[in-house]
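Residue-level structure breakdown
Given next are the chains, with one letter for each unit.
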Amino acid sequence: MRQVSQVVSDEMAEYRHDAQVDQLLAWLAAAGASTGRHKPVACVGRDGITLRLRMTRGSLYEVASTGTVSVYDRRGIRLGTVYPAYAPASGQSAMSQALTAVIRDVLTRWEGPLPRWCDVTDAGDNETGYDDHVLRGMTHPRTGAALAWVRVVDYYHASERVWALANVVFGNASRAVRWAKTMRKWFLRPGGGVNRVRHSATAFRVARTLTRVQKKEYDRAYAYLRNRMGHLDDARYRRVGVPLGSGVTGAACKTVFTQRLKLSGMRWTKEGTQTIPNLRVILLSGIWGAVYGRVLAARPQPIMGGYRASEPDEIGIAA
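So, the overall build of the protein
- When helices and strands are tallied, the protein shows 12 helices and 6 strands.
- For the C-alpha atoms alone, the extent of the protein along its principal axes is close to 115 × 55 × 35 Å.
- Out of the 319 residues belonging to the protein, those deemed buried represent 44%.
- Taking the intrachain contacts of the protein between residues at least 6 apart in sequence as the baseline, contacts between residues at least 24 apart amount to 73%.
- Surface exposure of the protein reaches about 17,200 Å², of which carbon and sulfur atoms provide 53%.
- Taking the average location of the 46 positive side-chain charges in the protein and that of its 26 negative ones, the two points are 14 Å from each other.

What to know about unusual backbone geometry
- Of note in this structure, glutamine 92 is not a glycine but carries a positive phi near 50 degrees.
- The class of glutamine 92 is buried, set by a relative accessible area of 7%.
- Backbone geometry at alanine 123 places phi at a positive 70 degrees, although glycine is not the residue there.

Quick look at the environment of valine 153
- Its location among the elements puts valine 153 in strand E6 (residues 150-153).
- When the C-alpha positions of valine 153 and methionine 183 are compared, they lie 16 Å apart, and in sequence the two are 30 residues distant.
- Excluding its chain neighbours within four sequence positions, the residues that come into contact with valine 153 are Thr121, Ala123, Tyr224, Arg228, His231, Leu232 and Leu244.

Re a nonpolar patch on the surface
- Together, Leu283, Trp288, Tyr292 and Leu296 line one region of the surface with nonpolar side chains, adding up to about 360 Å² of accessible area.
- Structurally, the position occupied by tyrosine 292 is in helix H11 (residues 288-298).

Some remarks on the packing of helix H1 (residues 2-33) against helix H2 (residues 93-109)
- Interaxial distance between H1 and H2 falls to 10 Å at its minimum, and their mutual angle equals 50 degrees. As far as their axial angle goes, H2 and H1 are oblique. Crossing angle aside, the handedness with which H1 passes H2 is right-handed. Taken together, the residues of H2 that come into contact with H1 (itself represented by Arg16, His17, Gln20, Val21, Asp22, Leu24, Leu25 and Leu28) are Ala98, Ala101, Val102, Asp105, Val106 and Arg109.
- Among the residues forming the contact of H1 with H2, the class breakdown is 8 nonpolar, 2 polar and 4 charged.

Section: the packing of H1 against H11
- Interhelical geometry of H1 versus H11 gives an angle of 125 degrees and a closest axis separation of 8 Å. Taken together, the axes of H1 and H11 are oblique relative to one another. Remark: the crossing between H1 and H11 carries right-handed chirality. Contacts between H1 and H11 involve Val8, Glu11, Met12, Tyr15, Arg16, Asp18, Ala19 and Asp22 from the former and Trp288, Val291, Tyr292, Arg294, Val295 and Ala298 from the latter.
- By residue class, the composition of the contact of H1 with H11 is 9 nonpolar, no polar and 5 charged.

Considering the side chain of arginine 151
- By the element assignment, arginine 151 lies in strand E6.
- At 3.1 Å, the side chain of arginine 151 and the side chain of aspartate 131 are in polar contact.
- Beyond its immediate chain neighbours, meaning those up to four positions away, arginine 151 contacts Asp119, Thr128, Asp131, Asp132, Arg136, His231 and Tyr237.

Brief notes about a positive patch on the surface
- A cluster of basic residues, Arg2, Arg52, Arg54 and Arg267, forms a positive patch on the protein surface.
- Position of arginine 2 relative to the elements: it lies in helix H1.

The rules behind each value
- Residues numbered from 1 in each chain as written.
- Predicted model: local features only at pLDDT ≥ 70, side-chain atom pairs only at ≥ 80, totals over all residues.
- Heavy atoms only, no water.
- Helix = DSSP H or I, 4+ residues; strand = E, 2+ residues; numbered from the N terminus.
- Buried < 20%, exposed > 50% of the residue type's maximum accessible area, 1.4 Å probe, protein only.
- Contact = heavy atoms within 4.5 Å.
- Areas by Shrake-Rupley, 256 points an atom, 1.4 Å probe, with all protein chains shown as cover.
- Lys, Arg positive; Asp, Glu negative; His and termini not counted.
- Charge placed at Lys NZ, Arg CZ, Asp CG, Glu CD.
- Patch = residues over 30% accessible without salt bridge, like charges linked within 9 Å, V, L, I, M, F, W, Y side chains within 5 Å.
- Salt bridge = Lys/Arg side-chain N within 4 Å of Asp/Glu carboxyl O.
- Axes fitted to C-alpha atoms, helices over the stretch in contact; angles between N-to-C directions.
- Parallel < 35°, antiparallel > 145°, perpendicular 65-115°, else oblique.
- Left-handed = near helix turned anticlockwise from the far one by under 90°.
- Nonpolar A, V, L, I, M, F, W, Y, C, P; charged D, E, K, R; others polar.
- Polar contact = N/O pair within 3.5 Å; in protein donor to acceptor, adjacent residues only side chain to side chain.

Here it is as structure tokens:
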């Protein structure tokens with residue numbers, strides 16, 4: 001079974017990229033033909049997940065990567081998502097190359113009005129680096145025009161920092177819950193919601209004497225919001241139909257890796273780790289039939305021999 005899985009995975013992986021681009025173009029056409037008040041959206045995301053790898057001696061935990069490219073119609077409904085996924089590797093270069101290739105080929109082949117391109121992440125190191133060094137400087141492959149990316153820091157990860165501030169400033173009292181819930185609503189209001197959250201936190205912070213541990217936790221959460229204010233304009237994102245959360249990408253980590261590769265006691269080699277995601281991303285992207293059809297078409301077809309013609313006296317000879 002391992003050998004069969006390896007052969008099928010390797011063959012199908014060769015056709016994944018082209019089939020995913022075809023699928024995204026079909027969804028973009030459907031999004032453009034839909035009704036609603038928003039511009040169609042193409043949303044990119046990526047995330048990492050820790051896997052237990054089998055070593056010569058013992059185990060090692062490393063981070064695998066999953067990416068997503070989703071299309072939303074004019075009503076903000078997600079039409080579908082394609083998924084690349086890669087085994088742990090330093091810098092996650094394979095993931096960056098795969099995502100970039102999908103985006104560029106879609107742009108090259110798409111003839112209609114450009115959708116709104118956005119990047120929604122949890123602002124981790126690899127995610128931020130990809131946005132800073134690849135997406136921000138990307139140009140249209142045909143026209144050379146700069147692409148206007150909308151960068152969004154995941155609303156739910158930002159909310160976790162609000163809860164951290166609340167627990168430091170108010171302790172575990174019910175007042176902390178009320179304050180955090182109010183601040184999460186402020187995030188979604190126009191007029192610099194995240195700035196109002198920071199000002200409120202600061203006002204309550206000066207009235208308390210914090211321990212060294214509490215101060216460190218407060219400063220870390222506060223810095224997260226301060227440094228990402230330019231990508232936390234949730235009121236504007238909602239107004240133009242851009243997703244606020246990276247839940248699609250987070251769910252991809254679960255469906256691609258966790259449900260299959262993180263069952264009780266499992267350990268994987270890096271080669272085996274790549275075999276299974278190759279197959280799962282093709283299935284989850286909705287392109288299994290298209291990819292497998294291309295695999296079969298590329299194989300040399302067997303020549304089926306027929307029955308040869310009977311000799312004139314063959315029956316008599318047989319008798």
